[in-house]
Amino acid sequence: YLVTGSDRAKVDEQVPANIVDACAGLFTSAGSEFEAAGRIVYSHDHEFPDELIDFLDSQTQASTYPVRRGRHIEYRTGAINYSTVGRGAGAQDRKAYLLWDQVHGERARLCNEISRRFPDYEASAGGEISIDVSPLGWNKSRVLIPIQERHGNVAITFAGDSIHPGGNDWPLAQALQASSPLHVIEPVRDC
């Protein structure tokens, strides 16, 4: 299975078709959509409050990071992906923002602030430049139920790039660790 915070269009851009085709299923938008055998099994969407969108917009303006590449808020099925530098950032901009964020902690601060101001939502850092925002409990850990329904409690090897508190792979790693034999591989980058 491939589990990602991205939507299907982004998966098609980033992951070779032969790898996607080799998967038993594809969970996109942090598990809000599930596709197997070339068909959508389920799709759970959500309408986010204007106050949350306004807050994210204000954070783009308030950030001290100097570069903006557009598309700061990207709507996905059941989730929002937010980036200060913007979804239009190229590889060089992504690396520069990641290094800046590691020093300044902007994404961690924003995740905490979103959780404080909007208690019905959770936010986690994903990839190099973004934050995934979803309704509380709508994180990657929810993919475990359909996987276990299909396969039972089998051993799972899990690889992710954000398996740390506040990372968007953390909830799934924790759920897997609590419920099945697990082998965790970290980090996975640029694949």
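Quick notes on the rules
- Counting restarts for each chain: residues are numbered from 1 in the order of the written sequence.
- pLDDT decides what is reported in this predicted model: residues at 70 or higher carry local features, side-chain atom pairs at 80 or more are listed and counted, and totals for whole chains, interfaces and linings draw on all residues regardless.
- Hydrogen atoms and water are omitted, and side-chain values are computed over all heavy atoms in the structure.
- A pocket here means an open set of points on a 1 Å grid, computed over the protein atoms alone, that has protein on both sides within 12 Å along at least five of seven lines. A cavity is instead a set of points where a 1.4 Å probe fits but cannot get out; residues with an atom within 4 Å of a point line either one.
- Grid points are joined across faces, edges and corners, and a volume is the space filled by probe spheres set on the points.
- A run of H or I in DSSP becomes a helix once it reaches four residues, and a run of E becomes a strand once it reaches two; helices and strands are each numbered from the N terminus.
- Classification convention: Asp, Glu, Lys, Arg as charged; Ala, Val, Leu, Ile, Met, Phe, Trp, Tyr, Cys, Pro as nonpolar; all other residues, Gly among them, as polar.
- Paired strands, as defined in this entry, are two strands with at least two bridges between them according to DSSP.
- Axes here refer to lines fitted to C-alpha atoms; in helices the fit is confined to the stretch in contact. Angles between the N-to-C directions go from 0 to 180 degrees.
- Residue contacts are counted whenever heavy atoms from the two residues lie within 4.5 Å of one another.
- The classification of residues rests on relative accessible area computed with a 1.4 Å probe and restricted to protein chains. Under 20% of the type maximum is buried, over 50% is exposed, and intermediate values are partly exposed.
- Here a polar contact is recorded for every N or O atom pair within 3.5 Å, except that within protein the pair must consist of a potential hydrogen donor and a potential acceptor, and residues adjacent in sequence are included only if both atoms are side-chain atoms.

(A) Layout of the layout of surface pockets. Size it by volume and the second largest pocket reaches roughly 450 Å³. If you go around the second largest pocket, you meet 24 residues; those closest to its centre are Ala-125, His-164, Pro-165, Gly-166 and Gly-167. Of all the secondary-structure elements, those providing two or more residues to the lining of the second largest pocket are α4 (91–104), α5 (106–117), β7 (121–126) and α7 (170–179). No other element matches the five residues that α5 contributes to the lining of the second largest pocket. Residues belonging to the lining of the second largest pocket are distributed by class as follows: eight nonpolar, 11 polar and five charged.

(B) Looking closely at the sheet that holds strand β3 (residues 33–36). An order of β1-β2-β3-β4 is seen for the four strands of this open sheet, with the pairing classed as mixed. Unpaired on one side and paired on the other, β1 (2–3) and β4 (39–43) mark the two borders of the sheet. Bridge count for strand β2 (residues 26–28) against β3 is three bridges, and the pairing is antiparallel. Bridging from a neighbouring strand, Leu-26 pairs with Glu-35 of β3.

(C) Spotlight on the sheet that holds strand β8 (residues 130–135). Spatially, the four strands line up as an open sheet ordered β5-β6-β8-β7, and their pairing is antiparallel. Both outer strands of the open sheet, β5 (73–76) and β7, are each paired with one neighbouring strand and no more. Across the sheet, the mean angle from the axis of one strand to that of its neighbour is 25°, orientation sign disregarded. Where strand β6 (residues 79–82) meets β8, three bridges bridge the pair, whose relative direction is antiparallel. Bridge pairing links Ile-80 to Val-133 in β8. Relative to β6, helix α3 (residues 50–62) is tilted by about 10°, and along the sheet it contacts β5, β6, β7 and β8. Strands in contact with α5 are β6, β7 and β8; relative to β7, the strand with the most contacts, it is inclined by about 170°.

(D) Focus on the pairing of β4. Bridging between β3 and β4 involves four bridges; their strand directions are antiparallel. Each bridged residue has a counterpart across the sheet, and for Ala-36 the counterpart in β4 is Arg-39. Following β3, the chain reverses through two residues before pairing antiparallel with β4; Ala-37 in that reversal takes a positive phi of roughly 55°.

(E) Just the environment of Glu-47, in detail. Topologically, Glu-47 is positioned in the loop between β4 and α3. Under the relative-accessibility criterion, Glu-47 is labelled exposed at 72%. Sequence-wise, Glu-47 and Ile-163 are 116 residues apart; in three dimensions their C-alpha atoms are separated by 28 Å.

(F) Layout of the environment of Glu-74. Position of Glu-74 among the secondary structure elements: in strand β5. Look past the residues within four positions of Glu-74 in its chain and what remains in contact with it is Ala-79, Ile-80, Asn-81 and Arg-87. Among the polar contacts made by the side chain of Glu-74, one reaches the side chain of Arg-76 at a distance of 2.7 Å.

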